[in-house]
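Chain by chain, the residues run as shown.
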Amino acid sequence: MAHVGVPRGTARKRRSVALLATGVLTLPVLAGCTSDSEGPTPVAVPQDIAPASRDRVADGSTLTWAIDAVPATLNAYQADADSATTRITGALLPSLFPLDARGEPKLNPDYLESAKVIEQEPKQVVLYKLNQQAVWSDGREIGAPDFVAQWRALSGKDSAFWTARNAGYERIEKIERGKDDLQVRVTFSKPYADWRSLFSPLYPKEVTGSPGTFNDGARATLKNTAGPFRLRSVNKDKGTVVLDRNPRWWGNEAKLESLVFRAVEPKDRTDALTAGTVDVADIDATTANGIALAARYRGGNGGPPAHGPGADITPAAALRSWALAHGSDEEAAEAAQLAREKNREAVAVYAAEQKSLQGFVVRKSLEPAYTQLAMNGESGALSDDRVRRAIARTLDRQELADAVLKPLGLPAKPPGSHLALAGQPAYKDGSGALGDQDTKEAQALLADAGWTVGGAVRRTEDTKAGSEAEKKASGEATDKASAKATDKASGKATDKASAKATDKASEKAAEKEEKEEKGEKGEKEEDDKASREEGTYIVGDDKPGDGPAGTGVTAQDKGPAGAYAPAGTPAPAPASVKARIGKGGKPLTLRFVLPSGPGSQPLRTVGQKIVEMLDAIGISTQITKVDDESYFKDHIASGDYDMALYSWPATAYPATDGRPIFSKPEPATDGSLLVEQNYTRVGSDHIDQLFDRAVSELDANASRDLLKQADARIWAAAGSIPLYQRPQLVAVDKKLANIGAFGFAAPRYEDIGFTGRQAAGSPANRKK
């Protein structure tokens, strides 16, 4: 299911270019973040797929699997490829190193006998030995010509090929046939640690051999495939992609006779499940709760149903209704009989729906992706790393993760890495480079950057009325009040931080955070907020749209009617402005962009909690809700935001896939920023260098150590703050096995099927 705030395609598919200038973040203390003796971190939640041995799975059925839409292309290397492209081609094309349950690439014996680095000097050479039985659906063996054609199409040297990514392929110097076409020698011009990411999926040379077939030939059809299934039809009018068994498949025969992918929008998933038109569908929490509720539904037996229509009718009310329906008052009896008939019909319809949903189970895990708070560091207050770090240290990430995952019964430990998730070999919690939640330290960082309580108050330096003594007295009183408010909010930590030289503050603050013990967690101020309305709302305002944007002045701040002060006394600042932090008379106000659609409620829930956390330390937040369709393209990618929430997928190849997301933006010739996928526009030369070294390091442990160092510096730069791993909820027919919430792992399509006897043809129409 598509999710709002998820960049289209995977990290390696997007090669736009991005930039930002925040300078190199110097953190000498982080140099010690190298190899660690800790064992591997366990996967947070195992996959939930109802595993069953093949002998327990029946042959000959049809399964219908919901996708968001028929994909625009079946070429996974084009810019408009999406999750449906990946799902469909996974059943049709070779994947040489699919991911296992821990997110590690594992050699696929259906296609490879072996694949390994056989030379490192003078150049890296990888030798692939192909499975001798592996053939395309036209009978031709999979061989070196297919590797050569794909390399030439994706190397980036021929602009006639419309490719969205070439990572890794541009490092290949040549591909040669070994002893025969079943041996492929790949020589690299530069070492490439992530060589296992290449040639998956592998397309036949008939697709990749020329720009015409690559650009257009594989968009709506794939005539030649090499998976457990082959493509039968693509019907965009009906919204279906139909696969059937590949008769030339040499591996274990697919248990399903056919596999149908049906386009069902996320908002229509509950109806599709109820109608029995799909057997498997990614769902949201609302639909998951509906399925859980259906499992508890009990109707009939003379008693009221457990829930739904009629559930709130008490025995006394039922007796009164019966009495009216059979009473002597004909008009009242007719009305009562009509009402009882409508209720019976509603109960019957609802009961049928509940019975349909009772045939499904919700399989759940954690999706290999995390949601982050992104802070746009291109300009404004967030271009200062001290402000970004202060915001990050204000957040209670555990509370935010709990809000999303605990209601679903999933563990809610916030991610500790930008480059890997718990369970993956490259994972290590590097959040210590930023520091734990600490309100006092956050206030100290803000004060060091010049943002203080009372700083939003504009001082009146010259007044024409009143005596000089009155002017002086009022000026001294204002200064003392401001100093007292600042001292009270910031404490001694603020005083020390403010005394530091401005041009050295970022480095010293970073060193201090690494060396000092973690401060006690700041107490969260309870703030009863009115519900936010659609559009723009500035936290601190009494009503959306009242008063100048960003001031946060309410009607109550204006003081009692008729109150006055001696002539010459400067007007007191409104109470809400005094509570806000500011600089030079301007409050610190950030624009928080959130999607407005019904499917993005979890993001808005998390966003609201973030607003309240920032409000507690005096940061004003201007909430702007936008359409889901325009959220990413028109706001995140274009940089039209200060703060936003969106997700990145996890990857088995962070050295390759992580670099464009966190690389330092570079200035274009027209003065704009080139940002690849770094939509926070925060980066450093040092981070880039660590990625470059990691992707060229052939020792796996050494490469991971470099990535962990890069992650520590990404944390310290505080452009991206991982909040929680996304939930993965899948509604699955109870009789299905080996399918559900896969987590990291790639599906084994040939093993999916029904455990009970099932006639050929879709089991979906349960109402028949």
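Asker: Honestly, the overall build of the protein in this entry has me stumped. Any pointers?
Answerer: Scanning the protein for helices and strands turns up 20 helices and 22 strands. A burial count over the protein gives 50% of its 768 residues as buried. In the structure as shown, the protein presents an accessible area of about 34,800 Å², 50% of it carried by carbon and sulfur atoms.

Asker: What is the right way to read the packing of helix 9 (residues 385–394) against helix 11 (residues 439–448) from this model?
Answerer: Axes are the key here: two packed helices are described by the angle between their axes and the distance separating the axes. In contact at an axis separation of 8 Å, helix 9 and helix 11 are set at 165° when each is read in the N-to-C sense. One way to sum up the angle between helix 9 and helix 11 is to call them roughly antiparallel. Between helix 9 and helix 11 the crossing geometry is left-handed. Where helix 9 approaches helix 11, its residues Arg386, Val387, Arg389, Ala390, Arg393 and Thr394 are matched on the opposing element by Thr439, Glu441, Ala442, Leu445, Leu446 and Asp448. Taken together, the residues that form the contact of helix 9 with helix 11 break down as 5 nonpolar, 2 polar and 5 charged.

Asker: I keep staring at the pattern of salt bridges and nothing clicks. Help me out?
Answerer: Where charged atoms of side chains with opposite charge meet at close range, the side chains can pair. Under the definition given, this model contains 30 salt bridges. Among the ionic pairs, aspartate 146 bridges to arginine 140, the shortest N-O distance being 2.9 Å. Like aspartate 146, the residue arginine 140 is buried in the burial classification. Bridged by salt links that share partners, the residues Arg54, Arg748, Glu750 and Asp751 form one connected network.

Asker: Would you mind going over the sheet that holds strand 11 (residues 452–453) with me for this structure?
Answerer: To summarise the sheet geometry, strands pair through backbone hydrogen bonds and adopt either a parallel or an antiparallel arrangement. Pairing is antiparallel in the open sheet, where 3 strands are placed in the order 11-13-14. Across the chains shown, the open sheet's two edge strands, defined by having one partner strand only, are strand 11 and strand 14 (586–587).

Asker: Is there a simple way to think about the packing of aromatic side chains in this case?
Answerer: Geometry of an aromatic ring pair is reported as the spacing of the ring centres plus the angle between the planes. As enumerated under the stated definition, the model contains 19 aromatic pairs in all. Geometrically, the ring pair formed by tyrosine 77 and tyrosine 203 is edge-to-face, given 5.9 Å between the ring centres and 65° between the ring planes. Of the two residues, tyrosine 77 sits in the loop between strand 1 (61–67) and helix 1 (83–90) while tyrosine 203 sits in the loop between strand 5 (183–188) and helix 3 (205–208), which places them 126 residues apart along the sequence. Residue tyrosine 77 is classed as buried on the basis of its relative accessible area of 1%. Their ring planes at 85° and their centres at 5.6 Å tell us that tyrosine 111 and tryptophan 250 sit as a pair that is edge-to-face. Of this pair, tyrosine 111 sits in the loop between helix 1 and strand 2 (112–119) while tryptophan 250 sits in the loop between strand 7 (240–245) and strand 8 (256–263); the two residues are 139 residues apart in sequence, bridging distant segments of the chain. Just as tyrosine 111 is buried, tryptophan 250 falls in that class too. Ring-pair connections join several aromatic residues into one group, and the members of that group are Phe97, Tyr128, Phe147, Tyr169, Trp195 and Phe199. Above the plane of the ring of phenylalanine 97 lies arginine 196, whose end atom (NZ or CZ) is 6.0 Å from the centre.

Asker: Teacher, can you tell me more about helix 6 (residues 285–295) here?
Answerer: One turn of an α-helix holds 3.6 residues; hence residues three or four places apart share an orientation. Listed in full, the buried residues belonging to helix 6 are Thr287, Ala288, Ile291 and Ala294. Seen along its axis, helix 6 keeps its buried residues to an arc of 120°; they face one direction. Put simply, aspartate 284 is the residue that caps the front of helix 6, since its side-chain oxygen is 3.3 Å from the backbone nitrogen of threonine 286.

Asker: How do you make sense of the nonpolar core when you look at a structure like this?
Answerer: Burial of nonpolar side chains together is a common tendency in soluble globular proteins. Counting 161 residues, the largest nonpolar core has Tyr128 and Phe199 as its most contacted members. Setting aside residues up to four positions removed in sequence, tyrosine 128 forms contacts with Leu96, Leu112, Ser114, Ala115, Phe147, Leu182, Gln183, Val184, Val186, Trp195 and Phe199.

Asker: Hey, could you run me through the pairing of strand 10 (residues 360–375) in this one?
Answerer: Successive residues of a regular strand alternate their side chains across the two faces of the sheet. Burial runs high along strand 10: 12 of the 16 residues are buried. Bridge count for strand 10 against strand 20 (residues 720–733) is 12 bridges, and the pairing is antiparallel. Paired with arginine 363 across the strands is valine 730, a residue of strand 20.

Asker: Please clarify how the pairing of strand 8 should be interpreted in this entry.
Answerer: As paired elements, strand 1 and strand 8 share 7 bridges and run parallel to each other. Counterpart to threonine 64 in the pairing with strand 8 is valine 260. Relative to strand 8, strand 7 runs antiparallel, the two sharing 5 bridges. Paired with threonine 240 across the bridge in strand 8 is arginine 262.

Reading guide: rules and limits
- Residues numbered from 1 in each chain as written.
- Predicted model: local features only at pLDDT ≥ 70, side-chain atom pairs only at ≥ 80, totals over all residues.
- Heavy atoms only, no water.
- Helix = DSSP H or I, 4+ residues; strand = E, 2+ residues; numbered from the N terminus.
- Buried < 20%, exposed > 50% of the residue type's maximum accessible area, 1.4 Å probe, protein only.
- Areas by Shrake-Rupley, 256 points an atom, 1.4 Å probe, with all protein chains shown as cover.
- Axes fitted to C-alpha atoms, helices over the stretch in contact; angles between N-to-C directions.
- Parallel < 35°, antiparallel > 145°, perpendicular 65-115°, else oblique.
- Left-handed = near helix turned anticlockwise from the far one by under 90°.
- Contact = heavy atoms within 4.5 Å.
- Nonpolar A, V, L, I, M, F, W, Y, C, P; charged D, E, K, R; others polar.
- Salt bridge = Lys/Arg side-chain N within 4 Å of Asp/Glu carboxyl O.
- Pairing = 2+ DSSP bridges.
- Phe/Tyr/Trp six-rings, centres within 6.5 Å; stacked < 30°, edge-to-face > 60°.
- Lys NZ or Arg CZ within 6 Å of the ring centre and 35° of its normal.
- Arc of directions from axis to C-beta.
- Polar contact = N/O pair within 3.5 Å; in protein donor to acceptor, adjacent residues only side chain to side chain.
- Core = buried A, V, L, I, M, F, W, Y, C linked by side-chain atoms within 4.5 Å.

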